Amino acid sequence: MFEFRRQPLWTVYVIYFVLSTFFVRVPIWVVTALIPSSRPRRSWSISRSFIFPALRAALDGCFRISFPSSSKHDPEYVATSEDAQKFNFTWCPSVPKDLLVGEVEEIAQRNGVELQKTYGYWFTRPGYSGAANGAAQSDEKVILHLHGGGYICASAHPKGGGNTVMTSGFFENCPSIARIFCGAYRLSTSVPFPSANPFPAALLDAAATYYYLLHAVGFRHEQVIISGDSAGGHLALALVRYLAIHQFPTLPVPGSLLLISPTVDWAVTHTGKGSSMVRNASSDYCNQFFAGHTKRCLPGTLPERDAATNAWISPTSLKLEDVEGLFKGLPKTYLLAGEAEICLDSYRTLRDRLSGDIGGNLTYNEVKDATHDFLTMSWHEPERSSAFKDIASWITAL
Ligand SMILES: *[C@@H]1O[C@H](CO)[C@@H](O)[C@H](O)[C@H]1NC(C)=O
Ligand SMILES: *[C@@H]1O[C@H](CO)[C@@H](O)[C@H](O)[C@H]1NC(C)=O
Ligand SMILES: CC(=O)N[C@H]1CO[C@H](CO)[C@@H](O)[C@@H]1O
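Analysis parameters
Residues numbered from 1 in each chain as written. Chains lettered and ligands numbered in written order. Predicted model: local features only at pLDDT ≥ 70, side-chain atom pairs only at ≥ 80, totals over all residues. Heavy atoms only, no water. UniProt positions renumbered as here; feature names shortened; annotations may be inferred. Helix = DSSP H or I, 4+ residues; strand = E, 2+ residues; numbered from the N terminus. Buried < 20%, exposed > 50% of the residue type's maximum accessible area, 1.4 Å probe, protein only. Contact = heavy atoms within 4.5 Å. Near = heavy atom within 4 Å. Polar contact = N/O pair within 3.5 Å; in protein donor to acceptor, adjacent residues only side chain to side chain. Areas by Shrake-Rupley, 256 points an atom, 1.4 Å probe, with all protein chains shown as cover. Core = buried A, V, L, I, M, F, W, Y, C linked by side-chain atoms within 4.5 Å. Domains from an automatic or database assignment. 1 Å grid on protein atoms, 1.4 Å probe; cavity = no way out; pocket = protein on both sides within 12 Å on 5 of 7 lines; lining within 4 Å. Points joined across faces, edges and corners; volume = space filled by probe spheres on them. Nonpolar A, V, L, I, M, F, W, Y, C, P; charged D, E, K, R; others polar. Pairing = 2+ DSSP bridges. Axes fitted to C-alpha atoms, helices over the stretch in contact; angles between N-to-C directions.

**A short note on the UniProt feature "active site" (unreviewed entry) in the protein**
(1) Moving on: UniProt's feature table lists "active site" (unreviewed entry) at Ser230, given in the numbering used throughout.
(2) Moving on: With respect to the helices and strands, serine 230 occurs in the loop between strand S5 (224-229) and helix H8 (231-246).
(3) Moving on: Residue serine 230 is classed as buried on the basis of its relative accessible area of 7%.
(4) Moving on: Ignoring sequence-local partners within four residues, the contact set of serine 230 consists of Gly148, Ile260, Ser261, Pro262, Thr263, His372 and Asp373.

Below, the structure is given as structure tokens:
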């Protein structure tokens, strides 16, 4: 993995990638998209069957050379440039020290993870007239959204991944949502890069963004929907579980939790011939994310096997010994799964564990023929809008 990250291999690989894509891959994608029986899914449209392998190839390429990162998305740059106002950037101070307790505190000490300030961006509904970071209205519902990217790429920046497509989906389909706060958290690295920001770095940052909404903007906890897609869904689940275990008076469990294709089995314990990992491999593009990198990033100095035996890392791991009560005290939760995803089996395990603990407060939606994190793909229609509409009625009924 990342074997071509250094020059001159980087350049050689990029040239090879561009040429082979134009002259070999694109023609193959065109032909396979045109013939229904050779599409990633027979039921998929021609255009989706063409865009999908391109997305997969781009990601696989990144796993060879490393993920691009833009200095214009660096918070220190944004904070001191005109982008701060343009994108409604804000810093969020770290949570007070007394909110770091229990097992998470022990792991933080062991991994040398400190509390630190983080940041985020406000997204507003078109036509929104107030200040993006203005005081909470008494009847307003707000979404705190945590982005995906396997804990190793993307950001909360409007141009840093799927955030703009995701938030516009909420604005177009959920009339009661006027603004969304995309909270940033530390990304992680591990071999072949130097190890940085293992668990619970992202959890502490996500907690800081929620603390900001309650204490700086003035939302009551019931008004907040904590949401996350992919790795951000894993993070949202971990944060709310942490709050449910400790019942902090200054940082109560939020009103509700929205999990969008949450990556909840980094150890890949749902595996084998009949599993979605194998059976849905051709209709999912993030196979590389489960090839071991994030699984090494998150545990830090914990033993490697902890990826499978620690519920903070893999809450749906089939190797967890005691799962009863794992999600006790969680609020109303909506879990969105794509039926064409490799992670589908782990979502079904999450569904079963959640419903064991919160019963009817769980809403599960498994969308036929949908691939991983499809709410971030404007080309994944009609499934995307239809799922957003279903989420909208769940929000209305909260
Ligand atoms: C930032 O907030 C203002 C309202 O204060 C809004 O008009 C503008 O569209 C927002 N920018 C983004 C990127 O959402
Ligand atoms: C479901 O949520 C309601 C409040 O919204 C709560 O009173 C009830 O205890 C919850 N049920 C479970 C099983 O968690
Ligand atoms: C087309 C296909 O094989 N889909 C599979 C995706 O994974 C689920 C869960 O394992 C299977 O039930 C589907 O048949």
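**So, the environment of lysine 117**
(1) Moving on: Examined against the element boundaries, lysine 117 turns out to sit in the loop between helix H5 (102-111) and strand S2 (118-124).
(2) Moving on: Distance in space between the C-alpha atoms of lysine 117 and leucine 204 is 9.4 Å, their sequence separation being 87 residues.
(3) Moving on: With residues near it in sequence (within four places) discarded, lysine 117 still touches Glu76, Trp91, Cys92, Pro93 and Ser94.

**Points about the site of ligand 1**
(1) Moving on: Taken together, the residues surrounding ligand 1 are Lys86, Asn88, Trp122, Phe123, Thr124, Gly130, Ala131 and Ala132.
(2) Moving on: Lysine 86 is positioned with one of its backbone polar atoms (N or O) 3.5 Å from a nitrogen atom of ligand 1.
(3) Moving on: Within the side chain of asparagine 88, a nitrogen or oxygen atom sits 2.4 Å from an oxygen atom of ligand 1.
(4) Moving on: About the coverage of ligand 1: the protein hides 60% of its 370 Å² of free accessible area.
(5) Moving on: Looking at which element gives the most residues to the shell around ligand 1, the answer is S2, with 3 residues.

**A short note on the nonpolar core**
(1) Moving on: Leu213 and Ile226 are the most contacted members of the largest nonpolar core, which has 122 residues in total.
(2) Moving on: For this core, the element with the most residues is helix H7 (residues 201-215), which contributes 12 residues.
(3) Moving on: Split by domain, this core shows at least three residues from each of two domains, domain 1 (9-65) and domain 2 (71-397).
(4) Moving on: Setting aside its immediate chain neighbours within four residues, leucine 213 contacts Trp122, Val142, Leu144, Phe181, Gly218, Phe219 and Val224.
(5) Moving on: Tyr13, Phe17, Ala57 and Ile65 belong to the second largest nonpolar core, which has 5 residues in total.

**A few points about the side chain of histidine 372**
(1) Moving on: By secondary structure assignment, the location of histidine 372 is in the loop between strand S8 (362-367) and helix H13 (383-397).
(2) Moving on: With relative accessibility at 3%, the residue histidine 372 sits in the buried group.
(3) Moving on: A polar side-chain atom of histidine 372 sits 2.8 Å from a polar atom in the side chain of serine 230.
(4) Moving on: Beyond its immediate stretch of four places on either side in the chain, histidine 372 contacts Ser230, Ser261, Thr263, Asp284, Tyr285, Cys286, Glu341, Tyr347 and Met377.

**Examining unusual backbone geometry**
Among all residues save glycine, negative phi is the norm, and among peptide bonds the norm is trans.
(1) Moving on: Note that the residue after valine 191, namely proline 192, is joined by a cis bond; omega there is 10°.
(2) Moving on: Counting through the fold element by element, proline 192 comes out in the loop between strand S4 (177-183) and H7.
(3) Moving on: Cis rather than trans, the peptide bond between glutamate 381 and proline 382 has omega equal to 10°.
(4) Moving on: In this fold, proline 382 is placed in the loop between S8 and H13.
(5) Moving on: Its identity as a non-glycine residue notwithstanding, asparagine 197 has a phi of 50°, on the positive side.
(6) Moving on: For glutamine 247, which is not glycine, the phi dihedral falls at a positive 50°.
(7) Moving on: Along the polypeptide, glutamine 247 turns up in the loop between H8 and strand S6 (256-260).

**Some remarks on the layout of surface pockets**
(1) Moving on: Size it by volume and the largest pocket reaches roughly 1300 Å³.
(2) Moving on: Around the largest pocket, the lining comprises 49 residues; the ones closest to its centre are Phe67, Cys153, Ala154, Ser155 and Gly160.
(3) Moving on: Examining the composition of the lining of the largest pocket, we find that 4 residues originate from one element, helix H2 (residues 46-65), more than from any other.
(4) Moving on: Per-class residue counts for the lining of the largest pocket are 24 nonpolar, 21 polar and 4 charged.
(5) Moving on: Shared between two domains, the lining of the largest pocket takes at least three residues from each, and those domains are domain 1 (9-65) and domain 2 (71-397).
(6) Moving on: Every residue along the wall of the second largest pocket is listed here: Pro75, Glu76, Trp91, Gln116, Lys117, Thr118, Tyr119, Tyr185, Arg186, Leu187 and Asp205.

**Some remarks on the sheet that holds strand S7 (residues 332-338)**
(1) Moving on: Spatial strand order, S1-S2-S4-S3-S5-S6-S7-S8: 8 strands in an open sheet with mixed pairing. Both edges of this open sheet fall to strand S1 (89-92) and S8, since each of them pairs with a single strand only. Between one strand axis and the next, the sheet turns by 20° as a mean value, whatever way the strands run.
(2) Moving on: As defined by bridge partners, strand S3 (residues 141-146) adjoins S4 across 5 bridges and the pair is classed as parallel. Opposite leucine 144, over in S4, you have phenylalanine 181 as the bridge partner.
(3) Moving on: Against the sheet, helix H6 (residues 163-173) touches S2, S3, S4, S5 and S6, its axis set at about 155° to S4.
(4) Moving on: Along the sheet, H8 contacts S3, S5 and S6; its crossing angle with S5, the most-contacted strand, is approximately 140°.

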